[in-house]
Amino acid sequence: MLKKLEINGFKTIRQAELEFGRVNIFIGGNGSGKSNILEAMGVLSAALKDISVLELQKRGVRLSVPTLFKSAFKNTHLKSNFSFKAEFENDVHYDVSIKAGLHSDSLRFFTEHIHHAGTTYMGRGPAGVRILGVSAAKKDMDPTRGLWDRFRETIDIPESLEAELNRMATFAIYAPQTAFLRGTDIESVPIKPIGLQGGGLPQAALNIIHHRNQLFLAKKLKRYELINNVLELPKAPGWTDRFAVSRFNAQQVPSQVRTGDSTLYFIDKFMRLKRNRLSAYDSSEGTLYLLFIALLLIHPESPKIFALDNVDNALNPAMTTGMLETLIRVICNQDFRNENIGPDQVFLTSHNPTALDAFDIFDPDQRIFVVFRDKNTGETNIKPLKPKKGMTRADWIKQKSGKLMSELWIEGKITGALGL
(Lines give C-alpha, C1' and ligand atoms only; values in the text may rest on other atoms or scores of the structure.)
Protein backbone atom coordinates (compact mmCIF):
# COMPACT_ATOMS: atom_id res chain seq x y z
CA MET A 1 0.00 0.00 0.00
CA LEU A 2 0.94 3.66 -0.11
CA LYS A 3 2.72 4.23 3.21
CA LYS A 4 3.82 7.86 2.93
CA LEU A 5 3.18 10.77 0.60
CA GLU A 6 4.87 14.15 0.46
CA ILE A 7 3.03 16.83 -1.52
CA ASN A 8 4.71 20.08 -2.55
CA GLY A 9 3.06 23.00 -4.34
CA PHE A 10 -0.12 21.23 -5.47
CA LYS A 11 -3.24 23.42 -5.52
CA THR A 12 -3.93 24.60 -1.93
CA ILE A 13 -1.30 22.25 -0.49
CA ARG A 14 1.96 24.12 -0.21
CA GLN A 15 3.69 21.31 1.70
CA ALA A 16 2.43 18.20 3.49
CA GLU A 17 3.88 14.90 4.66
CA LEU A 18 1.36 12.15 5.35
CA GLU A 19 1.63 8.63 6.76
CA PHE A 20 -1.27 6.35 5.90
CA GLY A 21 -3.04 3.26 7.19
CA ARG A 22 -5.31 0.94 5.24
CA VAL A 23 -8.47 3.02 5.71
CA ASN A 24 -7.90 6.79 5.75
CA ILE A 25 -10.54 9.49 6.14
CA PHE A 26 -10.11 13.24 5.66
CA ILE A 27 -12.53 15.55 7.46
CA GLY A 28 -12.81 19.33 7.54
CA GLY A 29 -14.72 22.35 6.33
CA ASN A 30 -15.86 23.07 2.79
CA GLY A 31 -13.01 24.21 0.60
CA SER A 32 -10.36 23.07 3.07
CA GLY A 33 -8.54 20.94 0.47
CA LYS A 34 -9.77 17.41 1.16
CA SER A 35 -10.46 16.62 -2.49
CA ASN A 36 -7.11 18.13 -3.44
CA ILE A 37 -5.40 15.39 -1.41
CA LEU A 38 -7.25 12.72 -3.37
CA GLU A 39 -6.44 14.46 -6.65
CA ALA A 40 -2.75 14.58 -5.74
CA MET A 41 -2.91 10.77 -5.56
CA GLY A 42 -4.81 10.74 -8.84
CA VAL A 43 -2.08 12.73 -10.60
CA LEU A 44 0.57 10.51 -9.00
CA SER A 45 -1.22 7.44 -10.34
CA ALA A 46 -1.62 8.93 -13.82
CA ALA A 47 2.10 9.75 -13.91
CA LEU A 48 2.84 6.02 -13.89
CA LYS A 49 0.99 5.88 -17.23
CA ASP A 50 0.92 9.41 -18.65
CA ILE A 51 -0.33 12.80 -17.51
CA SER A 52 -2.67 13.40 -20.42
CA VAL A 53 -6.19 14.73 -19.97
CA LEU A 54 -7.65 11.26 -20.66
CA GLU A 55 -5.59 9.49 -17.97
CA LEU A 56 -6.37 12.19 -15.42
CA GLN A 57 -10.05 11.91 -16.27
CA LYS A 58 -9.93 8.11 -15.86
CA ARG A 59 -8.75 8.63 -12.31
CA GLY A 60 -11.43 11.15 -11.39
CA VAL A 61 -9.15 14.21 -11.36
CA ARG A 62 -10.86 17.50 -12.22
CA LEU A 63 -9.61 18.73 -15.57
CA SER A 64 -8.36 22.19 -14.62
CA VAL A 65 -6.08 24.16 -16.91
CA PRO A 66 -2.47 23.11 -16.16
CA THR A 67 -1.48 26.23 -14.25
CA LEU A 68 -4.30 25.69 -11.71
CA PHE A 69 -2.71 22.44 -10.55
CA LYS A 70 0.10 24.48 -9.04
CA SER A 71 0.05 26.47 -5.79
CA ALA A 72 0.01 30.24 -6.26
CA PHE A 73 -0.19 31.88 -2.83
CA LYS A 74 0.13 35.63 -2.37
CA ASN A 75 3.54 37.02 -1.47
CA THR A 76 5.31 33.72 -2.23
CA HIS A 77 7.62 32.70 -5.04
CA LEU A 78 5.67 31.02 -7.86
CA LYS A 79 7.48 27.79 -8.67
CA SER A 80 7.44 26.30 -12.15
CA ASN A 81 6.37 22.84 -10.98
CA PHE A 82 4.70 20.80 -8.24
CA SER A 83 6.02 17.51 -6.89
CA PHE A 84 5.19 14.30 -5.03
CA LYS A 85 7.34 11.81 -3.14
CA ALA A 86 5.66 8.48 -2.50
CA GLU A 87 6.84 5.56 -0.40
CA PHE A 88 5.17 2.17 -0.78
CA GLU A 89 5.54 -1.21 0.90
CA ASN A 90 8.68 -3.25 0.18
CA ASP A 91 11.00 -0.22 0.06
CA VAL A 92 9.50 1.12 -3.19
CA HIS A 93 9.79 4.86 -3.85
CA TYR A 94 8.37 7.00 -6.66
CA ASP A 95 9.31 10.69 -6.89
CA VAL A 96 8.01 13.01 -9.57
CA SER A 97 7.91 16.74 -10.31
CA ILE A 98 5.59 18.13 -12.96
CA LYS A 99 5.67 21.41 -14.87
CA ALA A 100 2.43 23.37 -15.12
CA GLY A 101 3.19 26.43 -17.19
CA LEU A 102 0.86 29.38 -17.64
CA HIS A 103 0.86 29.03 -21.42
CA SER A 104 1.13 25.23 -21.57
CA ASP A 105 -1.78 23.15 -22.87
CA SER A 106 -0.82 20.11 -20.78
CA LEU A 107 1.13 18.97 -17.75
CA ARG A 108 4.69 17.84 -18.48
CA PHE A 109 7.29 15.86 -16.56
CA PHE A 110 10.27 17.74 -15.15
CA THR A 111 11.90 15.01 -13.05
CA GLU A 112 10.93 11.42 -12.27
CA HIS A 113 12.65 8.63 -10.31
CA ILE A 114 11.75 5.06 -9.35
CA HIS A 115 13.79 3.47 -6.55
CA HIS A 116 13.63 0.04 -4.95
CA ALA A 117 15.85 -1.39 -2.21
CA GLY A 118 18.61 1.11 -2.84
CA THR A 119 18.60 0.81 -6.65
CA THR A 120 17.39 3.51 -9.05
CA TYR A 121 15.60 1.66 -11.82
CA MET A 122 14.42 4.65 -13.82
CA GLY A 123 15.10 8.37 -13.74
CA ARG A 124 14.69 11.51 -15.79
CA GLY A 125 15.64 15.15 -15.49
CA PRO A 126 16.92 18.07 -17.56
CA ALA A 127 19.99 16.01 -18.52
CA GLY A 128 17.95 13.17 -19.99
CA VAL A 129 16.57 9.71 -19.18
CA ARG A 130 18.49 6.87 -17.53
CA ILE A 131 17.27 3.29 -17.17
CA LEU A 132 19.32 1.27 -14.67
CA GLY A 133 22.11 3.80 -15.12
CA VAL A 134 22.11 3.63 -18.94
CA SER A 135 21.12 6.71 -20.94
CA ALA A 136 18.06 6.36 -23.16
CA ALA A 137 17.71 7.94 -26.58
CA LYS A 138 16.11 11.37 -26.84
CA LYS A 139 13.22 9.88 -28.83
CA ASP A 140 12.20 8.09 -25.65
CA MET A 141 11.72 11.36 -23.76
CA ASP A 142 8.01 11.94 -24.26
CA PRO A 143 7.30 14.83 -21.85
CA THR A 144 3.84 13.50 -20.91
CA ARG A 145 4.44 9.74 -20.75
CA GLY A 146 5.64 8.11 -17.53
CA LEU A 147 8.85 6.10 -17.42
CA TRP A 148 7.06 3.18 -15.76
CA ASP A 149 4.67 2.80 -18.68
CA ARG A 150 7.41 3.24 -21.28
CA PHE A 151 10.22 1.08 -19.90
CA ARG A 152 8.92 -1.45 -17.34
CA GLU A 153 8.78 -4.25 -19.92
CA THR A 154 12.27 -3.56 -21.29
CA ILE A 155 14.19 -4.45 -18.11
CA ASP A 156 14.03 -7.04 -15.34
CA ILE A 157 11.77 -5.67 -12.61
CA PRO A 158 11.52 -7.29 -9.14
CA GLU A 159 8.02 -8.65 -8.46
CA SER A 160 7.68 -6.55 -5.31
CA LEU A 161 8.39 -3.33 -7.23
CA GLU A 162 6.02 -4.26 -10.04
CA ALA A 163 3.22 -5.20 -7.65
CA GLU A 164 3.36 -1.92 -5.72
CA LEU A 165 3.43 0.41 -8.72
CA ASN A 166 0.90 -1.55 -10.75
CA ARG A 167 -1.56 -1.27 -7.86
CA MET A 168 -1.07 2.48 -7.66
CA ALA A 169 -1.38 2.81 -11.44
CA THR A 170 -5.04 1.72 -11.25
CA PHE A 171 -5.99 4.19 -8.48
CA ALA A 172 -9.21 6.12 -9.08
CA ILE A 173 -11.41 8.59 -7.22
CA TYR A 174 -15.05 7.48 -7.06
CA ALA A 175 -17.84 10.00 -6.60
CA PRO A 176 -21.19 8.31 -7.39
CA GLN A 177 -23.96 10.65 -8.51
CA THR A 178 -27.70 10.04 -8.46
CA ALA A 179 -28.30 10.62 -12.19
CA PHE A 180 -25.76 7.95 -13.14
CA LEU A 181 -26.91 5.49 -10.46
CA ARG A 182 -30.51 5.85 -11.65
CA GLY A 183 -29.49 5.51 -15.29
CA THR A 184 -30.74 8.89 -16.53
CA ASP A 185 -27.24 10.02 -17.48
CA ILE A 186 -24.28 8.26 -19.13
CA GLU A 187 -20.64 8.72 -18.13
CA SER A 188 -18.47 10.30 -20.82
CA VAL A 189 -15.55 7.98 -19.99
CA PRO A 190 -17.00 4.71 -18.65
CA ILE A 191 -14.51 3.06 -16.31
CA LYS A 192 -14.78 -0.63 -15.50
CA PRO A 193 -16.14 -2.24 -13.46
CA ILE A 194 -18.73 0.21 -12.15
CA GLY A 195 -17.96 3.72 -13.44
CA LEU A 196 -16.50 6.51 -11.34
CA GLN A 197 -19.98 8.00 -10.91
CA GLY A 198 -22.01 4.79 -10.92
CA GLY A 199 -22.92 4.55 -14.60
CA GLY A 200 -21.90 0.89 -14.72
CA LEU A 201 -24.03 -0.21 -11.78
CA PRO A 202 -26.33 -2.69 -13.66
CA GLN A 203 -23.46 -4.52 -15.39
CA ALA A 204 -21.36 -4.64 -12.22
CA ALA A 205 -24.35 -6.08 -10.32
CA LEU A 206 -24.86 -8.69 -13.04
CA ASN A 207 -21.16 -9.63 -12.87
CA ILE A 208 -21.33 -10.14 -9.10
CA ILE A 209 -24.51 -12.22 -9.31
CA HIS A 210 -22.78 -14.48 -11.83
CA HIS A 211 -19.55 -14.55 -9.79
CA ARG A 212 -21.44 -15.47 -6.62
CA ASN A 213 -23.30 -18.29 -8.40
CA GLN A 214 -20.04 -19.68 -9.77
CA LEU A 215 -18.52 -19.71 -6.29
CA PHE A 216 -21.50 -21.66 -4.96
CA LEU A 217 -21.32 -24.22 -7.78
CA ALA A 218 -17.58 -24.61 -7.23
CA LYS A 219 -18.26 -25.10 -3.48
CA LYS A 220 -16.01 -22.20 -2.54
CA LEU A 221 -18.34 -21.57 0.34
CA LYS A 222 -16.07 -19.39 2.49
CA ARG A 223 -15.66 -16.84 -0.30
CA TYR A 224 -19.34 -17.17 -1.18
CA GLU A 225 -20.38 -16.38 2.39
CA LEU A 226 -18.07 -13.38 2.68
CA ILE A 227 -19.42 -11.86 -0.54
CA ASN A 228 -22.98 -12.46 0.62
CA ASN A 229 -22.11 -10.72 3.88
CA VAL A 230 -21.12 -7.55 2.00
CA LEU A 231 -24.22 -7.78 -0.20
CA GLU A 232 -26.32 -7.35 2.93
CA LEU A 233 -25.29 -3.68 2.83
CA PRO A 234 -27.96 -2.43 0.36
CA LYS A 235 -30.61 -4.22 2.46
CA ALA A 236 -29.78 -2.08 5.50
CA PRO A 237 -32.51 0.57 4.88
CA GLY A 238 -35.03 -2.23 5.41
CA TRP A 239 -37.39 -1.98 2.43
CA THR A 240 -35.73 -4.42 0.02
CA ASP A 241 -34.30 -7.91 0.46
CA ARG A 242 -33.20 -8.62 -3.12
CA PHE A 243 -31.86 -7.00 -6.28
CA ALA A 244 -31.76 -8.41 -9.78
CA VAL A 245 -30.67 -7.47 -13.28
CA SER A 246 -32.81 -8.27 -16.31
CA ARG A 247 -33.83 -6.84 -19.66
CA PHE A 248 -35.30 -3.37 -20.01
CA ASN A 249 -39.07 -3.42 -19.53
CA ALA A 250 -40.92 -0.34 -20.83
CA GLN A 251 -43.85 -1.08 -18.51
CA GLN A 252 -41.59 -0.82 -15.44
CA VAL A 253 -38.89 1.66 -16.47
CA PRO A 254 -39.45 5.29 -17.60
CA SER A 255 -38.30 6.19 -21.09
CA GLN A 256 -35.65 8.64 -19.80
CA VAL A 257 -33.64 5.78 -18.29
CA ARG A 258 -30.68 4.85 -20.50
CA THR A 259 -29.15 1.70 -19.05
CA GLY A 260 -29.06 -0.32 -22.26
CA ASP A 261 -30.39 -3.86 -22.45
CA SER A 262 -29.69 -4.64 -18.78
CA THR A 263 -31.64 -2.84 -16.07
CA LEU A 264 -31.21 -2.98 -12.30
CA TYR A 265 -34.30 -3.80 -10.23
CA PHE A 266 -35.06 -4.07 -6.51
CA ILE A 267 -37.84 -6.05 -4.90
CA ASP A 268 -39.85 -4.04 -2.37
CA LYS A 269 -40.73 -6.64 0.27
CA PHE A 270 -43.74 -4.63 1.50
CA MET A 271 -45.48 -4.38 -1.87
CA ARG A 272 -47.85 -6.93 -3.39
CA LEU A 273 -46.68 -9.40 -6.04
CA LYS A 274 -46.42 -7.96 -9.58
CA ARG A 275 -46.25 -4.45 -8.06
CA ASN A 276 -43.10 -4.91 -6.03
CA ARG A 277 -40.45 -4.68 -8.75
CA LEU A 278 -38.79 -1.25 -8.87
CA SER A 279 -36.11 -0.12 -11.29
CA ALA A 280 -33.11 1.87 -10.08
CA TYR A 281 -34.93 4.99 -11.28
CA ASP A 282 -37.76 4.46 -8.78
CA SER A 283 -35.63 3.11 -5.94
CA SER A 284 -34.13 4.80 -2.90
CA GLU A 285 -31.06 6.91 -3.63
CA GLY A 286 -29.40 5.66 -0.45
CA THR A 287 -29.99 2.03 -1.42
CA LEU A 288 -28.37 2.62 -4.80
CA TYR A 289 -25.38 4.22 -3.12
CA LEU A 290 -25.03 1.30 -0.68
CA LEU A 291 -25.15 -1.17 -3.55
CA PHE A 292 -22.49 0.85 -5.37
CA ILE A 293 -20.21 0.65 -2.32
CA ALA A 294 -20.83 -3.07 -1.86
CA LEU A 295 -20.07 -3.88 -5.50
CA LEU A 296 -16.98 -1.69 -5.52
CA LEU A 297 -15.66 -3.52 -2.46
CA ILE A 298 -16.14 -7.06 -3.75
CA HIS A 299 -15.86 -6.81 -7.55
CA PRO A 300 -12.74 -8.69 -8.76
CA GLU A 301 -11.92 -5.88 -11.22
CA SER A 302 -12.05 -3.04 -8.70
CA PRO A 303 -8.76 -1.20 -8.02
CA LYS A 304 -6.77 -2.41 -5.04
CA ILE A 305 -6.21 1.22 -4.01
CA PHE A 306 -8.97 3.78 -4.51
CA ALA A 307 -10.67 6.84 -3.05
CA LEU A 308 -14.28 7.75 -2.30
CA ASP A 309 -15.04 11.46 -2.28
CA ASN A 310 -17.92 12.50 0.02
CA VAL A 311 -18.38 8.97 1.33
CA ASP A 312 -21.52 9.97 3.25
CA ASN A 313 -23.32 11.04 0.07
CA ALA A 314 -27.07 10.24 0.14
CA LEU A 315 -26.91 8.43 3.49
CA ASN A 316 -28.48 9.31 6.83
CA PRO A 317 -26.17 9.37 9.90
CA ALA A 318 -26.85 5.77 11.00
CA MET A 319 -26.37 4.42 7.47
CA THR A 320 -23.10 6.34 7.14
CA THR A 321 -21.68 4.68 10.25
CA GLY A 322 -22.95 1.24 9.26
CA MET A 323 -21.62 1.47 5.72
CA LEU A 324 -18.17 2.51 6.94
CA GLU A 325 -18.12 -0.30 9.50
CA THR A 326 -18.67 -2.73 6.62
CA LEU A 327 -16.00 -1.03 4.50
CA ILE A 328 -13.46 -1.15 7.34
CA ARG A 329 -14.27 -4.79 8.03
CA VAL A 330 -13.73 -5.79 4.39
CA ILE A 331 -10.37 -4.03 4.21
CA CYS A 332 -8.97 -4.88 7.65
CA ASN A 333 -10.53 -8.23 8.58
CA GLN A 334 -8.18 -11.16 8.00
CA ASP A 335 -10.93 -13.42 6.64
CA PHE A 336 -11.47 -11.07 3.68
CA ARG A 337 -7.73 -10.61 3.19
CA ASN A 338 -7.13 -14.37 3.15
CA GLU A 339 -9.68 -14.71 0.34
CA ASN A 340 -8.27 -11.67 -1.52
CA ILE A 341 -11.65 -9.92 -1.34
CA GLY A 342 -11.68 -6.15 -1.25
CA PRO A 343 -9.11 -3.39 -1.68
CA ASP A 344 -5.77 -3.12 0.09
CA GLN A 345 -6.22 0.58 0.88
CA VAL A 346 -8.92 3.24 0.69
CA PHE A 347 -8.97 7.04 1.07
CA LEU A 348 -12.19 8.82 2.01
CA THR A 349 -13.54 12.31 2.53
CA SER A 350 -16.59 13.14 4.63
CA HIS A 351 -18.64 16.01 6.03
CA ASN A 352 -20.78 13.77 8.25
CA PRO A 353 -19.64 13.56 11.90
CA THR A 354 -21.09 10.06 12.31
CA ALA A 355 -18.52 8.79 9.80
CA LEU A 356 -15.94 8.98 12.59
CA ASP A 357 -17.95 6.68 14.86
CA ALA A 358 -16.99 3.75 12.62
CA PHE A 359 -13.26 4.32 13.25
CA ASP A 360 -10.99 2.94 15.94
CA ILE A 361 -8.17 5.47 16.29
CA PHE A 362 -6.17 2.96 18.36
CA ASP A 363 -5.90 0.72 15.28
CA PRO A 364 -2.98 1.85 13.06
CA ASP A 365 -4.82 0.50 10.01
CA GLN A 366 -7.53 3.15 10.57
CA ARG A 367 -6.50 6.81 10.36
CA ILE A 368 -8.34 10.11 10.62
CA PHE A 369 -6.91 13.35 9.21
CA VAL A 370 -8.24 16.84 9.93
CA VAL A 371 -7.92 19.22 6.98
CA PHE A 372 -8.15 22.99 7.38
CA ARG A 373 -6.91 26.21 5.76
CA ASP A 374 -4.46 28.54 7.48
CA LYS A 375 -6.38 31.72 8.30
CA ASN A 376 -3.51 33.97 7.20
CA THR A 377 -1.98 32.24 4.18
CA GLY A 378 -4.80 30.01 2.96
CA GLU A 379 -2.52 26.96 2.86
CA THR A 380 -4.11 23.57 3.48
CA ASN A 381 -2.94 21.95 6.71
CA ILE A 382 -3.42 18.21 7.29
CA LYS A 383 -3.13 16.89 10.84
CA PRO A 384 -3.60 13.28 11.97
CA LEU A 385 -6.16 12.81 14.73
CA LYS A 386 -4.69 10.22 17.08
CA PRO A 387 -4.15 9.55 20.79
CA LYS A 388 -1.04 10.90 22.46
CA LYS A 389 1.84 8.48 22.78
CA GLY A 390 1.30 6.13 25.71
CA MET A 391 -2.41 6.94 26.05
CA THR A 392 -4.64 3.92 26.60
CA ARG A 393 -8.18 3.47 25.37
CA ALA A 394 -9.41 3.95 28.95
CA ASP A 395 -7.41 7.20 29.21
CA TRP A 396 -8.98 8.45 25.98
CA ILE A 397 -12.52 7.65 27.09
CA LYS A 398 -11.95 9.38 30.43
CA GLN A 399 -10.39 12.48 28.85
CA LYS A 400 -13.23 12.79 26.32
CA SER A 401 -15.92 12.09 28.95
CA GLY A 402 -17.00 8.99 27.06
CA LYS A 403 -18.24 11.01 24.08
CA LEU A 404 -18.42 9.63 20.56
CA MET A 405 -16.11 11.03 17.91
CA SER A 406 -19.14 12.53 16.15
CA GLU A 407 -20.04 14.44 19.33
CA LEU A 408 -16.52 15.80 19.66
CA TRP A 409 -16.67 17.01 16.04
CA ILE A 410 -20.07 18.71 16.42
CA GLU A 411 -19.05 20.37 19.69
CA GLY A 412 -15.90 21.81 18.10
CA LYS A 413 -13.57 19.66 20.21
CA ILE A 414 -11.64 18.51 17.13
CA THR A 415 -9.52 21.50 16.13
CA GLY A 416 -10.08 22.51 12.51
CA ALA A 417 -12.77 19.93 11.76
CA LEU A 418 -15.55 22.54 11.51
CA GLY A 419 -13.50 24.71 9.21
CA LEU A 420 -13.60 27.68 11.55
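Predicted, not measured: the structure shown is a model, and the values here were computed from it. (Residues numbered from 1 in each chain as written. Predicted model: local features only at pLDDT ≥ 70, side-chain atom pairs only at ≥ 80, totals over all residues. Heavy atoms only, no water.)

Enquirer: Quick question: what am I supposed to make of the sheet that holds strand β13 (residues 277-279) here?
Expert: In a beta sheet, neighbouring strands pair by backbone hydrogen bonds and run either parallel or antiparallel. Across the sheet, which stays open at both edges, the 3 strands sit in the order β11-β12-β13 with antiparallel pairing between neighbours. Looking at which strands have only one partner, the edges of the open sheet turn out to be β11 (240-247) and β13. The mean inter-strand angle of the sheet, taken between neighbouring strand axes irrespective of direction, is 35 degrees. Across 3 bridges, strand β12 (residues 262-268) lies against β13 in antiparallel orientation. Note that in β13 the partner of Phe 266 across the bridge is Leu 278. Along the sheet face, helix α6 (residues 201-217) touches β11 and β12 and points at about 105 degrees away from the line of β11. In this fold helix α8 (residues 285-298) packs onto β11 and β12, with an angle of close to 120 degrees to the strand it touches most, β12. (Pairing = 2+ DSSP bridges. Helix = DSSP H or I, 4+ residues; strand = E, 2+ residues; numbered from the N terminus. Axes fitted to C-alpha atoms, helices over the stretch in contact; angles between N-to-C directions. Contact = heavy atoms within 4.5 Å.)

Enquirer: What is the right way to read the pattern of salt bridges from this model?
Expert: Here the idea is simple: oppositely charged side chains can pair when their charged atoms come close. Going through the model one piece at a time under the given rule, you end up with 17 salt bridges. For Glu 39, the salt bridge identified is with Lys 11, shortest N-O distance 2.5 Å. Of the two residues, Glu 39 sits in helix α1 (residues 34-47) while Lys 11 sits in the loop between β1 (2-10) and β2 (13-19), which places them 28 residues apart along the sequence. Here Glu 39 matches Lys 11 in class, with each residue buried. As a salt-bridge pair, Arg 62 and Glu 39 come within 2.7 Å of each other at their nearest N and O atoms. Of this pair, Arg 62 sits in the loop between α2 (53-58) and β4 (81-88) while Glu 39 sits in helix α1; the two residues are 23 residues apart in sequence, bridging distant segments of the chain. (Salt bridge = Lys/Arg side-chain N within 4 Å of Asp/Glu carboxyl O. Buried < 20%, exposed > 50% of the residue type's maximum accessible area, 1.4 Å probe, protein only.)

Enquirer: Can you help me understand unusual backbone geometry in this one?
Expert: Note that the residue after Lys 192, namely Pro 193, is joined by a cis bond; omega there is 5 degrees. A positive phi angle is found at Asn 340, which is not glycine, with a value near 55 degrees. Within the fold, Asn 340 resides in the loop between α10 (334-338) and β15 (345-350).

Enquirer: Explain α1 to me, please; I cannot follow it from the model alone.
Expert: Spacing of three or four residues puts side chains on the same side of an α-helix, whose turn is 3.6 residues. The first and last C-alpha atoms of α1 sit 21 Å apart over 14 residues, in line with the 20 Å expected at 1.5 Å per residue. For α1, the buried fraction is high: 13 of the 14 residues fall into the buried class. (Expected span 1.5 Å × (residues − 1).)

Enquirer: What's the story with a nonpolar patch on the surface in this structure? I'm lost.
Expert: Together, Phe 216, Leu 217 and Leu 221 make up a nonpolar patch on the protein surface, roughly 320 Å² of accessible area in all. By secondary structure assignment, the location of Phe 216 is in helix α6. (Patch = residues over 30% accessible without salt bridge, like charges linked within 9 Å, V, L, I, M, F, W, Y side chains within 5 Å. Areas by Shrake-Rupley, 256 points an atom, 1.4 Å probe, with all protein chains shown as cover.)

Enquirer: Would you mind going over the UniProt feature "domain: ATPase AAA-type core" (unreviewed entry) in the protein chain with me for this structure?
Expert: The sites that UniProt annotates as "domain: ATPase AAA-type core" (unreviewed entry) are residues 272-357. Spanning residues 272-357, this segment combines 41% helix with 15% strand, and its end C-alpha atoms are found 38 Å apart. (UniProt positions renumbered as here; feature names shortened; annotations may be inferred.)

Enquirer: What am I meant to see in the UniProt feature "domain: Endonuclease GajA/Old nuclease/RecF-like AAA" (unreviewed entry) in the protein chain here?
Expert: Residues annotated in UniProt with the feature "domain: Endonuclease GajA/Old nuclease/RecF-like AAA" (unreviewed entry) correspond here to residues 1-66. Span residues 1-66 is 30% helix and 33% strand, its end C-alpha atoms 28 Å apart.

Enquirer: Explain the nonpolar core to me, please; I cannot follow it from the model alone.
Expert: A general feature of soluble globular proteins is that nonpolar side chains tend to end up buried together. In terms of nonpolar packing, the biggest core is built from 68 residues, with Leu 264, Leu 308 and Leu 348 touching the most fellow members. No other element matches α8, which puts 11 residues into this core. If sequence neighbours within four positions are ignored, Leu 308 has contacts with Leu 38, Tyr 174, Pro 176, Phe 292, Ile 293, Leu 296, Leu 327, Phe 347, Leu 348 and Thr 349. In terms of nonpolar packing, the next biggest core, distinct from the first, is built from 55 residues, Leu 56, Leu 107, Ile 155 and Val 371 among them. (Core = buried A, V, L, I, M, F, W, Y, C linked by side-chain atoms within 4.5 Å.)

Enquirer: Mind showing me how you'd approach the pairing of strand β7 (residues 119-125) here?
Expert: Looking along a regular strand, one sees the side chains alternate between the two faces of the sheet. With 5 of its 7 residues buried, β7 lies for the most part within the structure. By the bridge criterion, 5 bridges tie strand β6 (residues 108-116) to β7 in an arrangement that is antiparallel. Bridge pairing links His 116 to Thr 119 in β7. In this structure, the hairpin formed by β6 and β7 is closed by a connection of 2 residues, where Ala 117 is found at a positive phi of approximately 50 degrees. Here 4 bridges tie β7 to strand β8 (residues 128-131), and the two strands are oriented antiparallel to one another. Residue pairing in the sheet places Met 122 in a bridge with Ile 131 of β8. In this antiparallel pair of consecutive strands, β7 and β8, the connection spans 2 residues.

Enquirer: Help me understand the side chain of Asn 276, please; the structure alone is not making it clear to me.
Expert: Of note, Asn 276 is situated in the loop between β12 and β13. The residues touching Asn 276, leaving out its near neighbours within four places in the chain, are Phe 266, Ile 267, Asp 268 and Met 271.

Enquirer: Just checking my understanding: could you explain the sheet that holds β6 for this structure?
Expert: The strand order β2-β1-β4-β5-β6-β7-β8-β9 describes an open sheet built from 8 strands, whose pairing is antiparallel. Each of the sheet's edge strands pairs with one partner strand only, and the pair in question is β2 and β9 (134-135). In this sheet, strand β5 (residues 92-99) lies alongside β4 in antiparallel orientation, the contact comprising 8 bridges. Following the sheet pairing, Phe 82 is matched in β5 by Ile 98. Here α1 sits on the sheet in contact with β1, β2, β4, β5 and β6, set at roughly 100 degrees to β1.

Enquirer: Whenever I open this one, the packing of α8 against helix α9 (residues 317-332) confuses me. Can you help?
Expert: Working note: a packed helix pair is described by the angle between its axes plus the distance between those axes. For the pair α8 and α9, the least separation of the axes is 11 Å and the interaxial angle reads 5 degrees. Between α8 and α9, the interaxial angle falls into the category roughly parallel. Where α8 approaches α9, its residues Tyr 289, Leu 290, Ile 293 and Leu 297 are matched on the opposing element by Met 319, Met 323, Leu 327 and Val 330. Per-class residue counts for the contact of α8 with α9 are 8 nonpolar, no polar and no charged. (Parallel < 35°, antiparallel > 145°, perpendicular 65-115°, else oblique. Nonpolar A, V, L, I, M, F, W, Y, C, P; charged D, E, K, R; others polar.)

Enquirer: Looking at this model, I keep getting lost on the packing of aromatic side chains. Mind explaining?
Expert: Aromatic rings considered in pairs are described by the distance between their centres and by the relative angle of their planes. Per the stated rule, a full pass over the model turns up 13 aromatic pairs. Plain terms: the ring middles of Phe 69 and Phe 82 are 6.5 Å apart, the flat faces sit at 20 degrees to each other, and that makes the pair stacked. Of this pair, Phe 69 sits in the loop between α2 and β4 while Phe 82 sits in strand β4, and the two are 13 residues apart along the sequence. Assessed through its relative accessible area of 2%, Phe 69 is described here as buried. On the accessibility criterion, Phe 82 (1% relative accessible area) is buried. A ring pair is formed by Phe 243 and Phe 266, whose centres lie 6.5 Å apart and whose planes are at 55 degrees; its orientation type is tilted. (Phe/Tyr/Trp six-rings, centres within 6.5 Å; stacked < 30°, edge-to-face > 60°.)

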